[in-house]
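# Topology and contacts: notes
The residues making up each chain are set out below.
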Amino acid sequence: MALHPQARALLDDLGPEAPAPASLEEVAASRVQARQAAMQEPRVGLDYVVDLVADGVPCRLYRPRLGAPVALYVHGGGWVFHDLETHDVFCRHLAHVTGWALLAVDYRLAPEHPFPAGLDDVERACRWLREHGREHRVDSAWLPGIGDSSGANLLAGLAVRDAAALDALALLYPPTDRRADLPTGESNGALSIGQLQWLWEAYAPGEVGDHPEVSVLRAPTLSGLPPTFLTTCEHDLLRDQGEELAAALATAGVDVTAHRSLGMVHSFWRQPDRFDAARALVVLVGAWLDAARARRDS
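The shown structure was predicted, so the numbers you read here are calculated from the model rather than taken from an experiment.

## Side note on helix α4 (residues 117-132)
Spanning 16 residues, α4 covers 22 Å between terminal C-alpha atoms, matching the ideal 22 Å at 1.5 Å per step. All buried positions along α4 are accounted for by Ala117, Gly118, Leu119, Asp121, Val122, Glu123, Ala125, Cys126, Trp128, Leu129 and His132. Packed against the buried residues of α4 are β1 (48-54), β2 (57-63), β3 (68-74), β4 (101-105), α5 (150-161) and α6 (193-203).

Given below as structure tokens:
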């Protein structure tokens, strides 16, 4: 399928493929710019939103109602960009539409903090939520993780590290293999080859990128991982490696549901104001989580 008109409009707005940052100063400036832009966007109100510290890791809890089931949310941004503020509008939308509370993790970013710093932060926040969810009137007895892009990679890495850490995974266009062949025709302004290579090197330089908690497709076994919902984008450099992970999970006996978003480009999930497909996918992920949780209870 050709690019969806809404995806084409995004690429037109983004312009030519941007080069990778040339310095830490450029990285810092890009982070500030993204945060400031995000804080100008309108956002939905929720029952309870609070910043907290989960075993030393800054987080933000979004609760749409008392007693809501809760998921761990890990944002994307190539392990280098984005934070609680850049994803605040989307996390509110996700919690409001699905009825799921979210604990969003403000993990440490590369290149200042390469692997395993961000993954360690996600693991600590996950264990904290298991133990302390009831204190914030959310149900963390059955705990899934939701992540987009590098956030999905961190969740998959956590599952490889400890298959029992989470009870289900919703992975949106995850990078899964540092050495994967790329569909070069899908390099575009949403994610280019140069950007992806730079981001991998910033997070997991050199041979570190082969670690199975980074390149999860290289894990010795994927058997025992929790039920997984995995979405790829048709026009995304990460498409093939994401679908290879879905196939490997199925081969390993994992309950996996794989879904390709036709016509879509990288990052569409967190832009429901621009993409009809993002709004539909939010509902789909919420329904999948509800069904997976119900199977636990049956």
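## A short note on the nonpolar core
Counting residues in each nonpolar core, the largest one holds 57 residues, and the members touching the most others are Leu72, Val122 and Tyr203. Ignoring sequence-local partners within four residues, the contact set of Tyr203 consists of Trp79, Ala110, Pro114, Phe115, Leu119, Asn153, Leu154 and Val214. Grouped together as the second largest cluster of nonpolar side chains are 36 residues, Phe90, Ala168, Phe229 and Trp288 included.

## Some details on the packing of aromatic side chains
The final tally for this structure, using the stated rule, is nine aromatic pairs. Measuring from centroid to centroid gives 5.0 Å for Phe90 and Trp269, while their planes differ by 65°, and the two rings are edge-to-face. A residue pair is termed long-range when its members are at least 10 positions apart, and Phe90 in helix α3 (residues 88-98) and Trp269 in the loop between β9 (256-265) and α8 (276-297) qualify at 179 residues. The burial state of Phe90 is the same as that of Trp269; both residues are buried. Judged by centre distance (5.8 Å) and plane angle (50°), the rings of Phe229 and Trp288 are tilted. You can see Phe229 sitting in strand β8 (residues 228-235) and its partner Trp288 sitting in helix α8, a full 59 residues away along the chain.

## Brief notes about the state of the cysteines
The final tally for this structure, using the stated rule, is zero disulfides. The thiol of Cys126 is not disulfide-bonded; the next cysteine sulfur, from Cys59, is found 11 Å away. Its relative accessible area of 1% is what places Cys126 among the buried residues.

## Notes on helix α7 (residues 239-251)
For α7, which comprises 13 residues, the first-to-last C-alpha distance of 19 Å matches the rise-based estimate of 18 Å (1.5 Å per residue) to within 8%. Taken residue by residue, α7 has Arg239, Gln241, Gly242, Leu245, Ala246 and Leu249 as its buried positions. For α7, the secondary structure elements touched by its buried residues are β7 (168-172), α6, β8 and β9. Following α7 by one or two positions, Gly253 adopts a phi angle in the positive range, close to 90°.

## Details of the pairing of β3
Within β3, seven of the seven residues are buried, leaving the element largely enclosed by the surrounding structure. The pairing of β3 with β4 spans four bridges and is parallel. If you follow Tyr73 over to β4, its bridge partner there is Ala104. In this region the chain leaves β3, passes through α3 and returns to the parallel neighbour β4; the handedness of that crossover is right-handed. Of the pairings in the sheet, the one linking β3 to strand β6 (residues 144-148) comprises three bridges and is parallel in character.

What counts and what doesn't
- Residues numbered from 1 in each chain as written.
- Predicted model: local features only at pLDDT ≥ 70, side-chain atom pairs only at ≥ 80, totals over all residues.
- Heavy atoms only, no water.
- Helix = DSSP H or I, 4+ residues; strand = E, 2+ residues; numbered from the N terminus.
- Expected span 1.5 Å × (residues − 1).
- Buried < 20%, exposed > 50% of the residue type's maximum accessible area, 1.4 Å probe, protein only.
- Contact = heavy atoms within 4.5 Å.
- Core = buried A, V, L, I, M, F, W, Y, C linked by side-chain atoms within 4.5 Å.
- Phe/Tyr/Trp six-rings, centres within 6.5 Å; stacked < 30°, edge-to-face > 60°.
- Disulfide = S-S within 2.5 Å.
- Pairing = 2+ DSSP bridges.
- Right-handed = clockwise from strand over helix to strand, strands pointing away.

That's the geometry; what it means functionally is another story.
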